[in-house]
Every structure is written in C-alpha cells, then in structure tokens.
Amino acid sequence: MSTFQAPKGTYDLLPPDSAKYLAVREAIATPLRDSGYGYVETPGFENVELFARGVGESTDIVTKEMYAFETKGGDRLALRPEGTASVLRAALEANLHKAGNLPVKLWYSGSYYRYERPQKGRYRHFSQVGAEAIGAEDPALDAELIILADQAYRSLGLRNFRILLNSLGDKECRPVYRAALQDFLRGLDLDEDTLARAEINPLRVLDDKRADVQKQLTDAPLLRDYLCDACKAYHVEVRELITAAGVAFEDDLKLVRGLDYYTRTTFEFVHDGLGSQSAVGGGGRYDGLSEMIGGPALPSVGWALGVDRTVLALEAEGVELELPAATSVFAVPLGEGARRLLFAKVTELRKVGIAADFAFGGKGLKAAMKAANRSGARYALVLGERDIADGVVQLKDMESGEQVAIGVNEIVAELEVRLS
Ligand code: HAM
C-alpha cells in the first residue's frame, strides 16, 4: 500500500469491476444516441453563481454540499454538483438554441461532486449519465425521456425499479400552492430549522425523511389540487403517452426533488434493493432555468441517472452483465526469437482490428498459458524455437482446447476468418 488513500467518500474503479461501469454508461447512452441526442462535455467546475442561481440558493446541494473555492486569480468556482445548469449554460453560450432546430437534445457522462455524508450509494465523487432536451414545451418530449430511461435500465436487465411521477406546476399555480402549504406548515410542531425552511422553500419540507415530520404531513395540501388547467392538461398527456408506451409508473404526489429548478413534470427512478439511497436517477422539466441564469425563455426537460447506484442495483438484483472479453488473441512466445516475431504479429493483428495481447516479461509456458486463460482470449498463439524452424505457429482454441499448426504468414488471415 502507498502512503495515500482515496479521499473519504470516494472510491476507485479498477478492473475487472470497472468494465461494469463502462457497460452501464454505454447502455444508458445508446438509446439517447439513437434518439437524436448529441454528446456534450462541459468543464468539471463552473462559476459558483451558476449553481447558486440554477440549483437554488436554499437547497442542500448549494448550501452544504458544494465544493466551492476561490482561485489564485480570485474567481469563485465550484466543482459541478450536477450537470443541468452547466449544459444549459454551454448551450446558451454557443447559441445552440438560435440554430433554429429546437429542441436542442444533448447527452453527457461524467463526474460530479457533492460534499455529502458518505454511505453506501452516496459518495462525494460519483458519476452520472444525463440527457437534456432544451427549448421545447411538448409532453411527448417529457415522455420520450422517461421511456428512454426505462429502456436503458431494461437493456441492462434491471427489473425491480419503479418510476415515481409528479407535476410541480408552473409559475402561475405553484405560488398559490406554496402559500397554502406554508400556512399549513406554520401550524405544525416542527423544529426551528424546518420552520425556517418552510419560510424559504416550503416544498422541500415535503421531502423530509424523518418519520415524525412525515406523520405530520399526512394532511398537507397537495399540489395536484392546485394545478392550473394548462399544467393539468400537460400532465395528463405525459401520463397518457408513457402509459401508451407500456411503461409503468406510480403517482407520487409528494415528490419534490432536491433541486429548485423543476416545473411541471418531475420524476424519480427508485430501486428497492438499495436501502436509503434508493434513487437511481431523476429529472424533470425546468421551464424557468434558462431565464434564471440570464438566458431567454427556453422550456426544457431532462434527467440524470447515477452510474454508481445503477451498478449497485444490478448487484442487488444479481444481474451479471454479459461483458465481451477484451482480448481475442493472446500470444505466447517461447524464447527470444519467438518474442520478436510474435510481437510483430500482435501489432499486425491490432492493425486489422483484432484485439490481441502478449505474454510480457519473458514468462515460461505455464505462466504464459495462465495469463492467456485469464485474458479471456478465444485463441492463443504459441511459438517455440522448433516452430520457427518449421515456419509455423501453434494456434490453440481456448474453448475447445484444439490445437493446430498454421503458417506464420497465415496468422492474420486465419484469425480474421475464425473471428468473423
Ligand atoms: P439528482 O437527483 O440530484 O438530479 O441526481 C441524479 C442521480 O445522481 C441520483 O438519482 C443518483 O443516482 C445520483 N447521485 C446524486 N448524488 C449522488 C451521490 N452523492 N452519490 C452517488 N450518486 C448520486 C440531478 O443531478 C439533476 N441534474 C437531474 C436532471 C437533469 N434534471 C433535469 N435534467
């Protein structure tokens, strides 16, 4: 062990497990790519104000969890705690919304940072794959995103997840509800912090996880009863479109989520095998965010799925991903002459696109064959001194154990045929 360890709340992805994370990212990205989402990558840090204004001044993410710092040049920056504000900032900065083709559909994959109390499924550095559809108000777009997330999870073999759905209203109806909820909360027996939160951000109180608080919230007014006609009609259509696609969901009338930018459609994907950190993903519509960060009105919707928790969910369900072996051919040279010749052949194989590896470090036959086995390669190429004299190499099928001698000059062509 070295003197150093991974910082608290973080962990390293190492082979062979790291392949699972790549596969999860790929499985989430595939349906997005197939549906017109283009890849976007933004910096790992942004102006701290972007998140304060975007995610919300009074949210836990901004007040407690952000890695904010001042640079030597005096800039106030923060490691990104989430992707939506950054992606929208990038789209606005590049004027993507003016190119005339709305919605702008983008997907991303990367690291995010929140100074949270670490526990299983909750880390200070974690990874998300996300999607944002910017600049269109269309229930079909909300439905598309929910359907694509469902498709991604299913393609991985996940089954025991649920989709929770709610509408948070818009700037017409939410303030009326907010006032009614505030009235209700003021009459409860709550601690000082929670009462203060009720004044600043009453909807967040609905998300309080404590049982004694939840008990008092049983009769809280529900946003559903305050939705304006436009929000109601919008929500009905989203629900109909998802249902028509055969995607099951549950109405969760108290779902508010931890970020302030949401309007109308809000949803969360939860997995029941994960304990308290059960949200494997979440998202919703954020029609006002663009204006909040200085842009024009651009109604938008998106989600982010947590890669770490998706991997935990797969483990909880006992799903074994089918991960293709990284190497198709493993070369085993016996002796110095064989080493040079086979190394050249490995390079040739790689050039034609055949994944090949080599027994480095001058191993003997036994250790080298063990390495070939471990690599998962379908074929081993074994070359000894006598083979060189005969102009052949031994091609061993690692599955059947069958071994044949083939001409050294036929290696590439023979393997191309066998592996096609
Ligand atoms: P979020 O719900 O804060 O939403 O995060 C999305 C997902 O990221 C969570 O469901 C969870 O799987 C994962 N996640 C969040 N925090 C942690 C953590 N500390 N450790 C491990 N995993 C974590 C957002 O970030 C929004 N930007 C989603 C969105 C996109 N809304 C609209 N567009």
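Residues numbered from 1 in each chain as written. Predicted model: local features only at pLDDT ≥ 70, side-chain atom pairs only at ≥ 80, totals over all residues. Heavy atoms only, no water.

Let's shift gears to the sheet that holds strand 12 (residues 329-333). Strand order in the open sheet made by the five strands is 13-12-14-15-16, with mixed pairing throughout. Lying at the two open borders of the sheet, with one neighbouring strand each, are strand 13 (356-358) and strand 16 (403-407). Going across the sheet, the axis of each strand differs from the next one's by a mean of 25°, ignoring polarity. One ladder, built from four bridges, connects strand 14 (residues 379-383) with strand 15 (residues 392-397); its direction is antiparallel. (Pairing = 2+ DSSP bridges. Helix = DSSP H or I, 4+ residues; strand = E, 2+ residues; numbered from the N terminus. Axes fitted to C-alpha atoms, helices over the stretch in contact; angles between N-to-C directions.)

Turning our attention to the domain arrangement of the chain. Here the chain is partitioned into domain 1 (18-173 + 227-317) and domain 2 (329-419). In this structure, domain 1 and domain 2 have C-alpha centres spaced 47 Å apart. (Domains from an automatic or database assignment.)

Structurally, E65 can be placed in the loop between helix 3 (60-63) and strand 3 (68-70). Under the relative-accessibility criterion, E65 is labelled buried at 12%. Residues E65 and A368, spaced 303 residues apart in sequence, show a C-alpha to C-alpha distance of 49 Å. Excluding residues that lie within four positions of it along the chain, E65 makes contacts with D60, Y113, R114, Y115 and E116. (Buried < 20%, exposed > 50% of the residue type's maximum accessible area, 1.4 Å probe, protein only. Contact = heavy atoms within 4.5 Å.)

The next thing to look at is the pattern of salt bridges. Inspection of the entire model under this criterion finds 31 salt bridges. For E336, the salt bridge identified is with R339, shortest N-O distance 3.2 Å. Residue E336 and its partner R339 are located together in helix 13 (residues 336-351), separated by three residues, close to a single helical turn. By relative accessible area, which is 40% here, R339 ends up partly exposed. Residues participating in the shared-partner salt-bridge network are D17, K20 and E315. (Salt bridge = Lys/Arg side-chain N within 4 Å of Asp/Glu carboxyl O.)

A few words on the sheet that holds strand 6 (residues 125-134). With mixed pairing, eight strands are arranged side by side in an open sheet as 1-5-6-11-10-9-7-8. The sheet terminates laterally at strand 1 (38-39) and strand 8 (250-251), the two strands that pair on one side only. Pairing between strand 7 (residues 161-167) and strand 9 (residues 263-271): seven bridges, direction antiparallel. Note that in strand 9 the partner of L165 across the bridge is F267. Against the sheet, helix 5 (residues 139-155) contacts strand 5 (104-113), strand 6, strand 7, strand 9, strand 10 (279-285) and strand 11 (300-306), and its axis sits at roughly 15° relative to strand 11.

Before going further, it helps to examine helix 14 (residues 365-375). The α-helix advances 3.6 residues per turn, and as a result positions three or four apart in sequence lie on the same side. Within helix 14, the full set of buried residues consists of A368, M369, A371, A372 and S375. All buried residues of helix 14 lie within an arc of 155° about the axis, which places them on one face of the element. When the buried face of helix 14 is taken as reference, the exposed residues oriented beyond 90 degrees from it are K366, K370, N373 and R374. Phi turns positive, to about 80°, at G376, one or two residues after helix 14. (Arc of directions from axis to C-beta.)

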